[in-house]
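Listed below, chain by chain, are the residues.
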Amino acid sequence: MHPENFEITYNMKVLKFGGTSVGSPENMRAVIDIIADGEQKLVVLSAMSGTTNALVEIAGYLHKKNKDTASVLIGNLEAKYKKVVDDLYKTEESKKQGLQIVKASFDTLRSFTSGTFTEVGENTIVAQGELISTQLFTVLMTELGYNAKLLPALEFMRIDEDKAADLPSIRKLIQPVIEKAGSAEFYITQGFICLNANGDIDNLQRGGSDYTASLIGAAIDSEEIQIWTDIDGFHNNDPRFVSNTRKIDQLSFLEAAELAYFGAKILHPQTVLPARVQNIPVRLKNTMNPADSGTLITSESDGKGIKAVAAKDGITAIKIRSGRMLMAYGFLKNVFAVFEKYKTPIDMISTSEVAVSLTIDNTKYLNEIQEEIAIFGDVEIDTDMSIVCIVGDIISEEKGFASKVFNALDGIPIRMISYGGSRYNISVLVPTVHKKVTLQAISDKVLNN
Ligand code: ADP
Ligand code: ASP
Ligand code: MG
């Protein structure tokens with residue numbers, strides 16, 4: 001029924017299935033129906049939905065030295081997986097293998113309930129979700145007679161000292177791992193997890209399986225990267241907060257990158273970059289409705305005008321007021337140098353004659369930064385802000401576009417505006433409590449008329 005020998009085509013398609021897509025035995029079978037089309041492919045899987053959150057919670061309790069609560073949560077999660085194994089397989093042999101996989105991961109989790117707890121321990125804990133889902137899935141495919149091989153992501157996914165993806169290493173390492181696995185119709189691997197520059201287990205941050213898929217796609221010069229999720233594609237607004245959203249058929253790499261960076265949860269913020277550099281199409285598809293064409297991301301955009309809006313939470317605004325120094329050249333350079341020193345990227349910036357305001361989302365070094373910039377003037381910090389980012393070919397919009405946006409936002413306390421920095425993006429900063437009304441107002445008065 002299934003061919004025994006597949007010649008390895010290194011530029012095979014990469015398909016990533018997210019948490020909901022592998023979230024139940026039924027959905028895992030739906031994934032197999034999608035991928036079993038006779039074409040060799042590389043399949044990246046997330047953890048089953050809810051698992052990474054549960055693992056993060058367990059690690060949190062261990063961090064707080066609350067071992068009893070951690071043990072209870074580990075027991076609950078293990079019971080859930082035992083049931084998954086029971087429902088997933090037909091044969092006793094597969095069930096036995098499934099239980100062994102689950103036992104190995106839960107033994108690892110329990111090993112952290114004694115002794116001291118480190119960051120490596122935390123990263124090892126959160127990695128178990130993808131380690132379990134990929135192994136269980138590979139056993140299922142094998143039970144159904146498919147030629148599926150597991151590629152251990154920790155043998156080739158790498159990040160560098162700055163925790164940035166190390167694509168040259170991934171490119172070098174992945175081919176021998178595929179060769180070692182041997183000929184197969186399906187290569188299954190873990191999203192999200194990797195090794196860092198110390199050789200310790202680490203990850204690509206929450207939602208990172210999308211990024212795994214695009215990095216692997218770039219590393220093997222894949223012909224296409226597909227991100228399969230629980231919605232029919234990229235919508236023009238966040239469906240979690242706004243009712244009347246619409247799917248977008250086509251986006252350019254730049255548009256998708258801006259939207260993902262500025263909070264569109266459907267794609268991890270960095271996903272687009274590796275694909276863009278190598279001009280690999282990225283297709284977003286719905287596992288629950290595979291017949292839908294989804295969204296295609298390529299170098300082309302399907303038209304002019306406003307495409308979509310997204311919002312990024314957890315933003316901190318920093319205002320430096322300095323009547324004396326601001327106009328002096330070199331002032332901004334000195335301010336930026338402080339952020340550079342603490343490797344803290346700035347998202348938005350706006351200046352006036354007496355003050356400069358900027359935003360960051362990484363507050364790890366906020367205290368140090370605040371202390372150092374205090375020499376430039378009075379510093380004011382606002383937390384719990386959101387950047388709402390409108391993306392499209394803004395410049396080509398008809399005249400009066402800016403007034404349309406500002407009219408739509410009438411009554412919303414806008415803290416900062418960035419317009420003209422790029423022709424593709426206009427961003428406003430609002431307190432997060434006003435995010436939902438801001439998104440809805442843009443939906444009603446800018447996108448849908
Ligand atoms: P997965 O587990 O498959 O990675 P995610 O939950 O990370 O799925 O991403 C899909 C979800 O992203 C959707 O269910 C939707 O609620 C949310 N989302 C936020 N913004 C958008 C958008 N602009 N278009 C589509 N989905 C979005
Ligand atoms: N399982 C990881 C998370 O929940 C990675 C992913 O799903 O993309 O963040
Ligand atoms: Mg995701």
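These lines cover the structure that appears in this document, whether it is placed above or below. Within each chain, residues carry numbers counting from 1 in the order of the written sequence. Naming scheme: in the order in which they are written, chains are lettered from A and ligands are numbered from 1. Given that this is a predicted model, residues contribute local features only at a pLDDT of at least 70 and side-chain atom pairs are listed and counted only at 80 or more, while totals for whole chains, interfaces and linings are drawn from all residues. Side-chain figures throughout are based on the complete set of non-hydrogen atoms in the structure, without hydrogens or water.

## Observations concerning the packing of helix 3 (residues 67-88) against helix 4 (residues 92-111)
Axis angles are defined between N-to-C directions and span 0 to 180 degrees, where every axis is a line fitted to C-alpha atoms and, for a helix, only to the segment in contact. Numbering of helices and strands runs from the N terminus, with a helix taken as a DSSP run of H or I at least four residues long and a strand as a DSSP run of E at least two residues long. With their axes 9 Å apart at the nearest point, helix 3 and helix 4 run at an angle of 165° to one another. Compared by their axis directions, helix 3 and helix 4 come out roughly antiparallel. Remark: the crossing between helix 3 and helix 4 carries right-handed chirality. Residues Ile-74, Gly-75, Leu-77, Glu-78, Tyr-81, Lys-82, Val-85 and Asp-86 of helix 3 pack against Lys-95, Gly-98, Leu-99, Val-102, Phe-106, Leu-109 and Arg-110 of helix 4. Roughly parallel means an angle under 35 degrees; roughly antiparallel means over 145; roughly perpendicular covers 65 to 115; every other angle is labelled oblique. What makes a crossing left-handed is the near helix being turned counterclockwise from the far one by less than a right angle; a clockwise turn instead makes it right-handed. Here, two residues are considered to be in contact whenever any of their heavy atoms come within 4.5 Å of each other.

## A closer look at helix 12 (residues 401-408)
Residues separated by three or four positions in an α-helix point in the same direction, a consequence of the helix having 3.6 residues per turn. Throughout, exposure labels follow a simple rule: accessible area from a 1.4 Å probe, protein chains only, divided by the maximum for the residue type, with under 20% read as buried, over 50% as exposed, and the rest as partly exposed. Residues Phe-401, Ala-402, Val-405 and Ala-408 constitute the buried set of helix 12. Within helix 12, the buried residues cover an arc of 130° as seen down the axis, which keeps them to one side. Picture the helix axis, draw a direction to every C-beta atom, and the arc is the one those directions span.

## Some details on the sheet that holds strand 8 (residues 250-252)
The 8 strands lie next to each other as 3-4-2-1-7-9-10-8, forming an open sheet whose pairing is mixed. Each edge of the sheet is formed by a strand with only one pairing partner; in this case those strands are strand 3 (148-151) and strand 8. Each adjacent strand pair in this sheet contributes to an overall mean axis angle of 20°, direction not counted. The criterion for strand pairing is that DSSP finds at least two bridges linking the strands in question. Pairing between strand 2 (residues 41-45) and strand 4 (residues 186-190): 5 bridges, direction parallel.

## Some points on the nonpolar core
Joining through side-chain atoms within 4.5 Å is the link that ties buried Ala, Val, Leu, Ile, Met, Phe, Trp, Tyr and Cys residues into a set, and such a set is a nonpolar core. Counting residues in hydrophobic clusters, the biggest one holds 103 residues, and the most contacted among them are Phe-17, Leu-42 and Leu-136. The greatest single-element share of this core, amounting to 10 residues, is contributed by helix 5 (residues 119-143). If near-sequence neighbours (up to four positions away) are discounted, Leu-136 is found in contact with Tyr-81, Val-84, Val-85, Leu-88, Tyr-89, Gly-98, Ile-101 and Val-102. Counting residues in each nonpolar core, the second largest holds 20 residues, with Ile-394, Ala-408, Val-430 and Ile-442 among its members.

## Things to note about the site of ligand 2
In the vicinity of ligand 2, the residues found are Ser-46, Thr-52, Glu-130, Phe-192, Arg-206, Gly-207, Gly-208 and Ser-209. What qualifies as a polar contact is a pair of N or O atoms within 3.5 Å, subject to a donor-acceptor requirement within protein and to the restriction that residues adjacent in sequence count only when both atoms come from side chains. At 2.7 Å from an oxygen atom of ligand 2 is found a main-chain nitrogen or oxygen belonging to Gly-207. Residue burial considers only the protein chains on display, and all accessible areas are found by Shrake-Rupley using a 1.4 Å probe. Protein coverage of the free-state accessible area of ligand 2, which is 260 Å², stands at 86%. In terms of residue class, the shell around ligand 2 is made up of 1 nonpolar, 5 polar and 2 charged. Neighbouring residues are identified by heavy atoms, a residue being near a molecule or strand if any of them is within 4 Å of it. Note that Gly is not counted as nonpolar here; it falls among the polar residues with everything else outside the nonpolar set of Ala, Val, Leu, Ile, Met, Phe, Trp, Tyr, Cys and Pro and the charged set of Asp, Glu, Lys and Arg.

## What about the site of ligand 1?
Looking at ligand 1, there are 15 residues lining it, with Lys-16, Thr-229, Asp-230, His-235 and Lys-265 nearest. In this structure, Lys-16 approaches ligand 1 through a side-chain N or O atom, which is 3.0 Å from an oxygen atom. Contact with the protein chains covers 87% of the free accessible surface of ligand 1, which is 570 Å². Across the shell around ligand 1, the residue classes tally to 4 nonpolar, 6 polar and 5 charged.

## A few points about a nonpolar patch on the surface
Note on patches: the residues involved have over 30% relative accessible area and no salt bridge, like charges join within 9 Å, and the nonpolar side chains Val, Leu, Ile, Met, Phe, Trp and Tyr join within 5 Å. For this analysis, a salt bridge means a side-chain nitrogen from Lys or Arg found within 4 Å of a carboxyl oxygen belonging to Asp or Glu. On the surface, Leu-332, Phe-336 and Ile-349 cluster together into a nonpolar patch covering about 210 Å² of accessible area. Exposure remark for Leu-332: the relative accessible area of 31% places this residue in the partly exposed category.

## Quick look at unusual backbone geometry
At Gln-205, a position not held by glycine, the phi torsion is positive, near 75°. With respect to the secondary-structure elements, Gln-205 resides in the loop between strand 6 (201-203) and helix 7 (209-219). For Asn-279, which is not glycine, the phi dihedral falls at a positive 55°. For Asn-279, the location among the structural elements is in the loop between helix 9 (272-277) and strand 9 (282-286).

## A look at the packing of helix 4 against helix 5
It is at 10 Å that the axes of helix 4 and helix 5 come closest, and there the two elements cross at 175°. With respect to helix 5, the element helix 4 is oriented roughly antiparallel. Across the interface between the two elements, Ser-94, Gln-97, Gly-98, Ile-101, Val-102, Ser-105, Phe-106, Thr-108 and Leu-109 of helix 4 pack against Thr-124, Ile-125, Gln-128, Ile-132, Gln-135, Leu-136, Val-139 and Glu-143 of helix 5. Its residues assigned to classes, the contact of helix 4 with helix 5 comprises 8 nonpolar, 8 polar and 1 charged.

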